[in-house]
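One-letter residues, chain by chain:
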Amino acid sequence: MRQSTKVEMNMGNKIAAALMASAIAISPVFAADLENGAQVFAGNCAACHAGGNNVIQPEKTLRKEALEQYLEGGLKESSIIYQVTNGKNAMPAFGGRLDEEEIKDVAAYVFDQSTNAKWD
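Values in this document were obtained by computation on a predicted structure and should not be read as measured data.

Quick notes on the rules
- Counting from 1, residues in each chain are numbered in the order their sequence is written.
- In keeping with the predicted nature of the model, local features appear solely for residues at pLDDT of at least 70, side-chain atom pairs appear and are counted solely at 80 or more, and the whole-chain, interface and lining totals rest on all residues.
- Only heavy atoms go into the side-chain values, all of them from the structure, while hydrogens and water stay out.
- In this analysis, rings of Phe, Tyr and Trp, with Trp reduced to its six-membered ring, are considered paired at centre separations within 6.5 Å, and the interplanar angle assigns stacked below 30 degrees, edge-to-face beyond 60, and tilted for intermediate values.
- Segments assigned H or I by DSSP are reported as helices when at least four residues long, segments assigned E as strands when at least two residues long, and all are numbered from the N terminus.
- Only protein chains enter the calculation, and the probe is 1.4 Å; a residue is then buried if its accessible area is under 20% of its type maximum, exposed if over 50%, and partly exposed in between.
- For this analysis, residues touch if any pair of their heavy atoms sits within 4.5 Å.

Participant: Got a sec to walk through the packing of aromatic side chains? Specific residues and values, please.
Facilitator: Scanning all chains against the criterion turns up three aromatic pairs. A ring pair is formed by F41 and Y109, whose centres lie 5.4 Å apart and whose planes are at 50°; its orientation type is tilted. Here F41 is found in helix α1 (residues 11-44), whereas its partner Y109 is found in helix α5 (residues 100-115), with 68 residues between them in sequence. In this structure, F41 and Y109 share a single accessibility class: buried.

Here it is, written out as structure tokens:
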């Protein structure tokens, strides 16, 4: 005689499972965006920001600590998107040169590089 086991999930477990499934489903898209962001960075940003540095203002690098200190709005992708789009001080605005998707991708790339200490 075979007994069946009934597994019941409470609402919290259901939500956690749904979030985990969503994260797994989104991961390949996010990785592709980072790859495109790296290409956009290499073609448009690396002249001044190679390796996360800043050849114009050396203290204003793209490393986490500098972005936390100097980035208007704090260290988050939306703040990076704003600065890339509108420029600031010596940094030109790229809103007319890059499309919205390219700006989002390069912001995701810069955020990933800085928050995961990948510039070094």
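Participant: Tell me about the environment of L34, and name the residues and values.
Facilitator: Tracing the backbone shows L34 in helix α1. When the C-alpha atoms of L34 and F111 are compared, they prove to be 9.8 Å apart, with 77 residues separating the residues in sequence. Excluding residues that lie within four positions of it along the chain, L34 makes contacts with A108, Y109 and D112.

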